[in-house]
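Residue-level structure breakdown
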Amino acid sequence: MSPVTGILLAAGLSRRYGSNKLQQPLNNQVPMVVQAARKLKAVLPESVAVVGPDDPRTAELLSQEGLQIVINPQPEAGMGASLACAVRASHDAPGWLITLGDMPWIDKQTIRTLADALRQPRDIVAPLYGDRRGHPVGFGSAYVRQLIALDGDQGARSIVNANPQHLTLISVNDPGILRDVDYPQDIPSSKY
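Just so you know, these numbers come straight off a predicted model, no measurement behind them. (Residues numbered from 1 in each chain as written. Predicted model: local features only at pLDDT ≥ 70, side-chain atom pairs only at ≥ 80, totals over all residues. Heavy atoms only, no water.)

All right, on to the pairing of strand β1 (residues 5-10) then. Burial of β1 is extensive: 6 of the 6 residues sit out of reach of the surface. Where burial is concerned, the two faces of β1 agree: the one with Thr5, Ile7 and Leu9 and the one with Gly6, Leu8 and Ala10 are both buried. Examined bridge by bridge, β1 and strand β4 (residues 95-100) share 5 bridges and lie parallel to one another. From the neighbouring strand, threonine 5 faces β4, where its bridge partner is tryptophan 96. Direction of pairing for β1 relative to strand β2 (residues 47-51): parallel, over a ladder of 5 bridges. Following the sheet pairing, isoleucine 7 is matched in β2 by valine 48. (Buried < 20%, exposed > 50% of the residue type's maximum accessible area, 1.4 Å probe, protein only. Helix = DSSP H or I, 4+ residues; strand = E, 2+ residues; numbered from the N terminus. Pairing = 2+ DSSP bridges.)

Okay, unusual backbone geometry next. Omega for the peptide link from histidine 135 to proline 136 comes to 5°, which places this bond in the cis form. Of note, proline 136 is situated in the loop between β6 (132-133) and β7 (137-140). Backbone geometry places glutamine 29, a non-glycine residue, at a positive phi of 70°. Here glutamine 29 is to be found in the loop between β1 and α1 (32-43).

Next comes the structure, spelled out in structure tokens:
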């Protein structure tokens with residue numbers, strides 16, 4: 001069985017941030033999206049990044065990290081459209097673990113734990129920190145058609161909500177599963 005495919009969603013428009021947040025360097029001077037990509041790729045060598053057509057710099061950064069680049073021609077259609085593009089490009093994978101380019105603080109061990117938990121085609125996995133569900137979220141191959149049909153800004157939430165009997169929540173000691181960057185002040189001043 002081939003490994004689960006990692007998906008890094010990096011086609012957002014950064015409207016709340018005010019500029020392209022994905023290229024924003026963290027305190028270690030690594031761009032946010034590169035740090036997220038490195039963690040994903042370290043665990044899941046078969047990883048795909050979705051970028052918008054007007055963001056060649058992010059595509060170049062992620063290509064240099066070894067991710068397959070998929071262009072979402074309509075990033076304004078939302079996260080669901082980006083996710084559909086990624087799954088379409090890797091439709092024969094046994095499953096997908098989806099993470100976001102603006103969540104660079106997720107531990108590699110969390111990614112590994114979730115990927116390992118995707119064993120059956122109907123599996124859905126998500127991490128819990130305390131009582132809060134976060135990212136990344138994984139789907140087995142049985143959801144390929146539903147994932148490819150996604151559109152809009154809700155991502156795959158509708159698939160999770162429609163299949164609660166197949167969802168496994170995994171407790172992790174990783175606050176990074178809840179931390180994303182929407183505004184400049186979301187990037188802390190301490191080193192990571």
